[in-house]
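# Survey of secondary and tertiary structure
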Amino acid sequence: MDFDPDSILKTSARTRIGIKELLDSICERVSPPEQLPDDNGNDYVDNSSTTTKDILRAKVIDSWFENKRGVIALVRVLSGVLEENDRISIIEPASYDQITEGDVDAHKVRKDNFSVQEIGMVLPHRVRTRKLTRGQMGYVIAGLRDPREARPGAILSLHKTIPTLIGNNMRLPPSVSMGQHSVLFASVHPMEGDGFDELFAAINRLALSDAGLEIHQTGGSSSGSGGGPFLGPGLRVGFQGLLHVEVFRQRLEDEFHMEAVVTPPKVPYTIEYLPTKNYKPPPTANGEEVVIEDLIDWPEQGHRFKVKEPIVDVRIMTPMEYAGSIMELIKRKRGTSMKTKPIDEFTWQITSSMPWADVVTDFHDELKSTSTGYASFDVTESDPPTKEADLRKVDILLNSEVVDPLAFVCHVDVSRAQARVVCEKLRDVLPRQQFVTVIQAKTDGKIIASERIRAYRKDVLTKGGKTMGGGDVSRKKKLLEKQKRGKKRQQSTGKVTLSQAAFRAVISRSG
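Everything in this summary refers to the structure shown in the same document. All values reported here derive from a predicted model rather than from experimental measurement.

### Re the overall build of the protein
Tallying secondary structure elements over the protein gives eleven helices and 27 strands in all. Scored against the burial criterion, the 511 residues of the protein give a buried share of 44%. Residue pairs in contact within the protein that sit at least 24 positions apart in sequence constitute 68% of those at least 6 positions apart. Put simply, the protein shows about 28,600 Å² of open surface, and 49% of that area lies on carbon and sulfur atoms.

### A closer look at the environment of V183
In this fold, V183 is placed in the loop between α3 (162–167) and β11 (184–190). Since its relative accessible area comes to 29%, V183 is described here as partly exposed. C-alpha separation for the pair V183 and P265, spaced 82 residues apart in sequence, amounts to 9.5 Å. Not counting residues up to four positions away in its chain, the partners in contact with V183 are F239, Q240, G241, K266, V267, P268 and W356.

### Side note on the side chain of E118
You can see E118 is positioned in strand β6 (residues 118–122). One polar contact links E118 to Y139, side chain to side chain, over a distance of 2.6 Å. Discounting residues that sit within four places of it in the chain, E118 has contacts with R69, E84, R128, Y139, V140 and I141.

### What about the sheet that holds strand β5 (residues 108–115)?
Strand order in the open sheet made by the eight strands is β5-β4-β10-β1-β2-β9-β6-β7, with antiparallel pairing throughout. Looking at the sheet topology across the chains shown, the edges are occupied by β5 and β7 (126–128). Geometrically, the sheet is characterised by an average inter-axis angle of 40 degrees between neighbouring strands, direction not taken into account.

### Concerning the nonpolar core
Judged by nonpolar contacts, the single largest core of 50 residues is most densely connected at Y269 and I316. In contact with Y269, other than residues within four places in its own chain, are V290, V291, I292, L295, W298, V307, K308, E309, P310, A357, L391 and V409. Ranked by size, the runner-up nonpolar core spans 22 residues in total, among them A58, V60, I90 and L132.

### Notes on the sheet that holds strand β14 (residues 260–262)
The four strands lie next to each other as β12-β13-β11-β14, forming an open sheet whose pairing is antiparallel. A single partner strand is all that each edge strand has here, and the edge strands are β12 (214–217) and β14. Taken pair by pair, the neighbouring strands of this sheet meet at an average axis angle of 25 degrees, ignoring direction. In this sheet, strand β13 (residues 235–239) lies alongside β11 in antiparallel orientation, the contact comprising five bridges.

### With respect to the packing of aromatic side chains
A full pass over the atoms with the stated rule returns six aromatic pairs. Their ring planes at 25 degrees and their centres at 6.0 Å tell us that F196 and F200 sit as a pair that is stacked. Here the residue F196 and the residue F200 both occupy positions in helix α4 (residues 196–208), the gap between them amounting to four residues, near one helical turn. For F196, a relative accessible area of 12% puts it in the buried group.

### Here's the deal with the packing of α4 against helix α6 (residues 242–256)
Contact geometry of α4 with α6 gives a least axis separation of 11 Å together with a crossing angle of 110 degrees. One way to sum up the angle between α4 and α6 is to call them roughly perpendicular. Handedness of the α4/α6 crossing: right-handed. Judged by residue contacts, L199, A202, I203, R205 and L206 of α4 engage F248, R251, L252, E255 and F256 from α6. Residues belonging to the contact of α4 with α6 are distributed by class as follows: seven nonpolar, no polar and three charged.

### As for the environment of R130
By the secondary structure assignment, R130 is in the loop between β7 and β8 (131–133). The residues contacting R130, other than those within four sequence positions of it, are L82, E83, E84 and I119.

### Here's the deal with the pairing of β13
In terms of burial, β13 is largely enclosed, as five of its five residues are buried. Of the two faces of β13, the one carrying L235, V237 and F239 and the one carrying R236 and G238 are both buried. As paired strands, β12 and β13 are joined by four bridges and run antiparallel to one another. For H216, the partnering residue across the bridge sits in β13 and is R236.

What counts and how
Residues numbered from 1 in each chain as written. Predicted model: local features only at pLDDT ≥ 70, side-chain atom pairs only at ≥ 80, totals over all residues. Heavy atoms only, no water. Helix = DSSP H or I, 4+ residues; strand = E, 2+ residues; numbered from the N terminus. Buried < 20%, exposed > 50% of the residue type's maximum accessible area, 1.4 Å probe, protein only. Contact = heavy atoms within 4.5 Å. Areas by Shrake-Rupley, 256 points an atom, 1.4 Å probe, with all protein chains shown as cover. Polar contact = N/O pair within 3.5 Å; in protein donor to acceptor, adjacent residues only side chain to side chain. Pairing = 2+ DSSP bridges. Axes fitted to C-alpha atoms, helices over the stretch in contact; angles between N-to-C directions. Core = buried A, V, L, I, M, F, W, Y, C linked by side-chain atoms within 4.5 Å. Phe/Tyr/Trp six-rings, centres within 6.5 Å; stacked < 30°, edge-to-face > 60°. Parallel < 35°, antiparallel > 145°, perpendicular 65-115°, else oblique. Left-handed = near helix turned anticlockwise from the far one by under 90°. Nonpolar A, V, L, I, M, F, W, Y, C, P; charged D, E, K, R; others polar.

Just geometry here; none of it tells us what the structure is for.
Here is the structure:
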């Protein structure tokens, strides 16, 4: 497990065993707060002093919402002093690489500023101290109404010192995280077409206690990412991982009694456009790599481009008898750099680098099925975090109309097989209509898989137990042709209802 057995401390808060040893070990092993390069150590000076006071930089660790006080932010002071009645602004800092390169425009300063109402420490109950200095951690109440205004990783600073702080590139220690970034994106739509307002209000209520949600409204047209006439308007939500998606869906159902359609999660891809004679890259590319979070932004047919997909390191703990089957599963999921390590005589540890898109689809379910539920896994970001791959976007069409939320990206070698599986599963889960439903999968302008759902058919030759038209064949043909024209008209105007089961068919693309 890559740790020293002698470093394990035997401690129990309930029986009060080893508490002193634990506290002493924290003092010895945990490094003190890092001093910034431009920090002169003047945390607090009198107004009459000529010594320059350090600029306040307080990093938000967590934030939550309380009905009577609003947003309460837990902060760590990196430099300077934060006091009650100070006027503060919130900065969303750039990455550490951007800061060291001097990219001043990468910082995002919110327009609003707030007055600090209360400051204190959590011990574990809140104790008001009225001031926090460098190295201290405590809570701040400043009248914010939305936790998304103070996301973990944001920086609080005095409003009057913002120009000076940004002009000096806002130096931060490398160990300070620059906040949470969504690693998965999914569209959320109401089950009923008129339920969007209730869904929007419910998700915003959820966001008050879940700052990790990243919410954007999508369109309802077929050209947008809203699902066209099949799903209508919706919200594109960013999540921190697979468990976050499941918790979100369960909370939406338990706390608001609302059923919603959640599309398969998508991962961000990096696109690098290559020069061509007939096709120019979009203006947003500007000769650089473009990160797309919605497949509606995937390059159109005719463009030459390279795709980089996110890669993660997967660590699996499994009983020894299932190791062989799990290694085969990793190979099917395009895993590389596979390593095995015996933990004891019964348990093995398997590590591998895998595409994040293959992990978020059905890897968890297949791993549990392969190991009969005994194996478990966790993921960490790989180094480098992306890798070039030969990927294709596969569009799903229902009666010749593209359904954007059902689109998926896969490797070119398995595109036909996965498209065939998705079409077959959609044929089984989509409801039968009064018209024929044609399910097709298309990539690079070619149809690579197709299925049909037969229409309900009324016997128009019989009415009231009697045969229409008598024995006249021309009369019977006329009735059948009339029915055929009606079915064709319904096929062009009818609506296919999509359910959550349809999206599960896209999530689980293994045969």
